[in-house]
Amino acid sequence: MSESEFPPEFTLNTQNDEHFMRLALREAEKALEREEVPIGAVIVHENRVIGRGYNQTEHLQDPTAHAEMIAITAAANYLGSRRLLDCTLYVTLEPCSMCAGAIVLARLPRVVFAASDPKAGAGGTLYNILQDPRLNHRCELRSGVLEYEGAGILKSFFAQVRKNRN
């Protein structure tokens, strides 16, 4: 059995959230290796990872190439549907407004993130697009799963960026 698969009786809970968040952190490490802002995401359906992504905005020169957007596209392709019903998105940083909009449009029912983003977070920190009652879809949110690890990789990255500027 691969690390991203579990038997059908495996139910989503706190321990499982940590497992899948570790997979998202591995995606963030891929971004870090490519000198991208280290954010990673995975989408899980029936206890199987069906979409993965990491930030690729610099490599692709595409401002929409966020980890969540790449994972959503991969998951939609896997399911053959734009609606990601019965899926959970795990992401290492709270989604921005662009990604939150895509999450709502994809009808993702559940979002789990590691670190909050006080400058651009749209999952309850700065905005709450994911649970806005004026929209036709709202997500269940869980934050702070492996928060220290999610924030740590970002802090290290930006410390290195500042060091390289001097």
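Note that the coordinates shown come from a computational prediction; the quantities given were computed from them, not determined experimentally. (Residues numbered from 1 in each chain as written. Predicted model: local features only at pLDDT ≥ 70, side-chain atom pairs only at ≥ 80, totals over all residues. Heavy atoms only, no water.)

Quick notes on the pairing of strand S4 (residues 110-115)
- In terms of residue burial, S4 counts as a mostly covered element, since six of its six residues are buried.
- Pairing geometry for strand S3 (residues 87-93) and S4, over five bridges, is parallel. Counterpart to Leu89 in the pairing with S4 is Val111.
- With helix H4 (residues 97-105) bridging S3 and the parallel S4, this β-α-β connection has right-handed handedness. (Buried < 20%, exposed > 50% of the residue type's maximum accessible area, 1.4 Å probe, protein only. Helix = DSSP H or I, 4+ residues; strand = E, 2+ residues; numbered from the N terminus. Pairing = 2+ DSSP bridges. Right-handed = clockwise from strand over helix to strand, strands pointing away.)

What to know about the confidence of the model for the protein chain
- Looking at the protein chain, the pLDDT average stands at 92 and 92% of residues meet or exceed 70.
- Across residues 1-11, where pLDDT falls below 50, the model places 23 contacts with residues more than four positions away in sequence or in other chains. (pLDDT = per-residue confidence, 0-100. Contact = heavy atoms within 4.5 Å.)

What to know about the environment of Gly123
- Position of Gly123 relative to the elements: it lies in the loop between S4 and strand S5 (140-143).
- Sequence spacing of Gly123 and Val112 is 11 residues, and the spatial spacing of their C-alpha atoms is 9.7 Å.
- Those residues in contact with Gly123, other than ones at most four positions away along the chain, are Glu94, Pro95, Phe113, Asn128, Leu130 and Leu141.

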